[in-house]
Amino acid sequence: MRRLRRSYAAVPAGETVRLAKRTSNLFRPRVQPRVPGLDVSGLAGVLAVDPVTRTADVQGMCTYADLVDATLAHGLMPLVVPQLRTITLGGAVTGLGIESTSFRHGLPHESVREMDVLTGSGELLTCAPQGEHADLFAAFPNSLGSLGYATRLRIELQPVRRYVALRNVRFTGLAELTDAIGEITETRSWAGEPVDALDGVLFAPDEAYLVLGTFTDDAAGVSDYTGQAIYYRSLRERKRDTLRTHDYLWRWDTDWFWCSAAFGVQHPVVRRIWPARWRRSDVYHRLVRWEHRHQVAARIDRWRGRPPRERVVQDVEIPLDRTAEFLRWFADTVRMAPVWLCPLRLREPAGPGSATAWPLYPLRPGQTYVNIGFWGSVPIPAGAADGDLNRSIERAVATAGGHKSLYSDAYYDRVSFERLYGGPTWRAVRERYDPDHRLTGLYEKAVTRR
């Protein structure tokens, strides 16, 4: 903490305070800072795991990979473990996260009992759902560092078993698919068997799979998708499967869902010579950032006469009763597949009388949503502009009564953005904890890429 405070004091008055970190899971380019950022290199550990209370005290820059290693040693895991190893706990809370236990446990920030936050004014405050700083606690999720940075978080944990038994259930119609999601979310079971984890993949409107996971200590054999086998392909090949719990939590990381295909890593020959330690999401992300800077592939495409491409990298939450409609529109308009499906339901409101649980990402408690994730690029048609398709997706999400995460490109005007993302609440909390506006604003971060 002394290192962090010294680095804060070293930022000249009038200059923006921001983190100095080597990795990021953001997909939008940002303006390079003019001054050094906050030194958070000492905030990357697990402070304690309490098996009795099933809680952990964790520093804000701790990755979920390190957190999971510490908790599994006690037969425990976080309530929700985002799917990529290098996502940090602080990042998942301030920037949102989701995974296959979200239909039961909501989003990662809902398991936080209290946290220490370094505010824009340089204060280190402990905040919780009730108390003096409850307003900061409620507004922190989806604030993207615009209200402060979490240095320590106390989170709830859940007991877990050695394996996850999987059922890959195929659906040939969108109505049938969404009906099944509704039933599983309500009953936490399917065909007489319990369901502890739920996500899925849509390959086409007439071919989708829900992956139903059940924690177990029994396994006749286990699969390994860190070698030649590729996880998402197994959904079409196997009706049942079993993974070690550790491997299940990182099943999507080895091939960055299916996005490793863009680097040739799914070709059998390339896969054999590509070192296993490089088959992970942060390596692919570094390659993407390198391309953003140098535009090598884009120049080759221009030389070959190919049209420029628009990046379409988004996660959106759509109410369950509008999910089939949105997926039909997406298949007809965006024409990108596969897409990831991850049902979720918030656990409870942030405070008594709350109309929505978390003001900066106002999903409705008691309502089932489906997170739809799609990551890639599409050719820009003649006469269209870069960003047009993303803007149409934003409109379609709003029409469906949904919300989209802000880790990637956003194109909202300020009025629309503040209406969708709790603008009045954000401004009130910012004026209390960052009156000199030392931190970059939420709109500036999400839309203008500062």
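Every value quoted in this text rests on a predicted model; they were computed, and no experiment measured them. (Residues numbered from 1 in each chain as written. Predicted model: local features only at pLDDT ≥ 70, side-chain atom pairs only at ≥ 80, totals over all residues. Heavy atoms only, no water.)

Colleague: Got a minute to help me understand the packing of helix H6 (residues 174–187) against helix H12 (residues 320–333) in this structure?
Modeller: Direction vectors running N to C along H6 and H12 enclose 150°, while the axes themselves pass 9 Å from each other. Relative to H12, the element H6 lies roughly antiparallel. Here the hand of the crossing between H6 and H12 comes out right-handed. For the pair formed by H6 and H12, the contact residues are Leu174, Ala175, Thr178, Ile181 and Gly182 on the first element and Leu320, Thr323, Ala324, Leu327 and Arg328 on the second. (Axes fitted to C-alpha atoms, helices over the stretch in contact; angles between N-to-C directions. Helix = DSSP H or I, 4+ residues; strand = E, 2+ residues; numbered from the N terminus. Parallel < 35°, antiparallel > 145°, perpendicular 65-115°, else oblique. Left-handed = near helix turned anticlockwise from the far one by under 90°. Contact = heavy atoms within 4.5 Å.)

Colleague: Help me understand the nonpolar core, please; the structure alone is not making it clear to me.
Modeller: Among soluble globular proteins, nonpolar side chains are generally buried collectively. Ranked by internal contacts, the top residues of the largest apolar core, which has 87 residues, are Met115, Trp258 and Phe417. Ignoring sequence-local partners within four residues, the contact set of tryptophan 258 consists of Val201, Tyr232, Trp252, Gln266, Pro338, Val339, Trp340 and Trp375. The next biggest cluster of nonpolar side chains, apart from the first, holds 35 residues, and it includes Leu177, Ile184, Ala208 and Ala400. (Core = buried A, V, L, I, M, F, W, Y, C linked by side-chain atoms within 4.5 Å. Buried < 20%, exposed > 50% of the residue type's maximum accessible area, 1.4 Å probe, protein only.)

Colleague: Would you take a moment to explain the pairing of strand S7 (residues 124–127) for this structure?
Modeller: A regular strand places its side chains on the two faces of the sheet in alternate fashion. What you see with S7 is a clean split: Leu125 and Cys127 sit on the buried side and Leu124 and Thr126 on the side with no burial. In this antiparallel pair of consecutive strands, strand S6 (residues 112–118) and S7, the connection spans five residues, and glycine 122 shows a positive phi of 90°. (Pairing = 2+ DSSP bridges.)

Colleague: Explanation requested: the sheet that holds strand S16 (residues 339–344) in the structure shown.
Modeller: Strand pairing within a sheet occurs via backbone hydrogen bonds; the two strands may be parallel or antiparallel. An order of S14-S9-S13-S12-S16-S17-S15-S18 is seen for the eight strands of this open sheet, with the pairing classed as antiparallel. The open sheet has two free edges, formed respectively by strand S14 (240–244) and strand S18 (403–404), since each of these has just one partner strand. In this structure, strand S15 (residues 309–319) lies alongside strand S17 (residues 369–379), joined through eleven bridges in antiparallel fashion. Residue pairing in the sheet places aspartate 315 in a bridge with glycine 373 of S17.

Colleague: Just checking my understanding: could you explain unusual backbone geometry for this structure?
Modeller: Comment: phi is negative for the bulk of residues other than glycine, and the bulk of peptide bonds are trans. Cis geometry is adopted by the peptide bond preceding proline 338, which originates at alanine 337 and carries an omega value of 0°. With respect to the helices and strands, the residue proline 338 is situated in the loop between H12 and S16. For leucine 144, which is not glycine, the phi torsion reads 55° and is therefore positive. Considering the arrangement of structural elements, one finds leucine 144 in the loop between helix H5 (134–139) and strand S8 (149–159). Despite not being glycine, tryptophan 256 has its phi angle at roughly 50°, a positive value. In this fold, tryptophan 256 is placed in the loop between helix H8 (245–249) and helix H9 (268–273). Its relative accessible area of 8% is what places tryptophan 256 among the buried residues.

Colleague: I'm lost on the pattern of salt bridges in this one. Help?
Modeller: When the charged atoms of two side chains with opposite charge come close together, those side chains can pair. Counted according to the given criterion, the structure contains 26 salt bridges. Between arginine 104 and aspartate 196 there is a salt bridge whose closest N-O contact spans 3.4 Å. You can see arginine 104 sitting in helix H4 (residues 102–105) and its partner aspartate 196 sitting in the loop between strand S11 (193–194) and strand S12 (197–204), a full 92 residues away along the chain. Under the relative-accessibility criterion, arginine 104 is labelled partly exposed at 23%. (Salt bridge = Lys/Arg side-chain N within 4 Å of Asp/Glu carboxyl O.)

Colleague: Please explain the side chain of aspartate 241 as it appears in this structure.
Modeller: Along the polypeptide, aspartate 241 turns up in strand S14. A polar side-chain atom of aspartate 241 sits 2.5 Å from a polar atom in the side chain of serine 223. Setting aside chain neighbours within four positions, we find aspartate 241 in contact with Val164, Ala165, Leu166, Ser223, Tyr225 and Ser234. (Polar contact = N/O pair within 3.5 Å; in protein donor to acceptor, adjacent residues only side chain to side chain.)

Colleague: Where do I start with the confidence of the model for the protein in this structure?
Modeller: Any segment with low pLDDT has predicted coordinates that should not be analysed in fine detail. In the predicted model, the protein carries a mean pLDDT of 91, and 90% of its residues have values of at least 70. Here residues 350–356 is a poorly scored stretch, pLDDT under 50, and it has ten contacts once near neighbours within four places are set aside; other chains count. (pLDDT = per-residue confidence, 0-100.)

Colleague: Where do I start with the side chain of aspartate 116 in this structure?
Modeller: Here aspartate 116 is to be found in strand S6. Polar contacts involving the side chain of aspartate 116 include one to the side chain of threonine 126, which spans 2.6 Å. Aside from chain neighbours lying at most four places away, what touches aspartate 116 is Leu124, Leu125, Thr126, Tyr149, Ala150, Thr151 and Arg152.

Colleague: Help me out: how do you make sense of the state of the cysteines in this one?
Modeller: Put plainly, two cysteines are in a disulfide when a covalent bond ties their sulfur atoms together. Evaluated as defined, the whole model comprises zero disulfides. Between cysteine 62, a free cysteine, and cysteine 127, which holds the nearest cysteine sulfur, the sulfur-to-sulfur gap is 19 Å. By relative accessible area, which is 1% here, cysteine 62 ends up buried. Summary of cysteine pairing: cysteine 342 is not part of a disulfide, and the nearest cysteine sulfur, belonging to cysteine 259, is at 16 Å. Among the residues examined, cysteine 342 registers a relative accessible area of 0% and is labelled buried. (Disulfide = S-S within 2.5 Å.)

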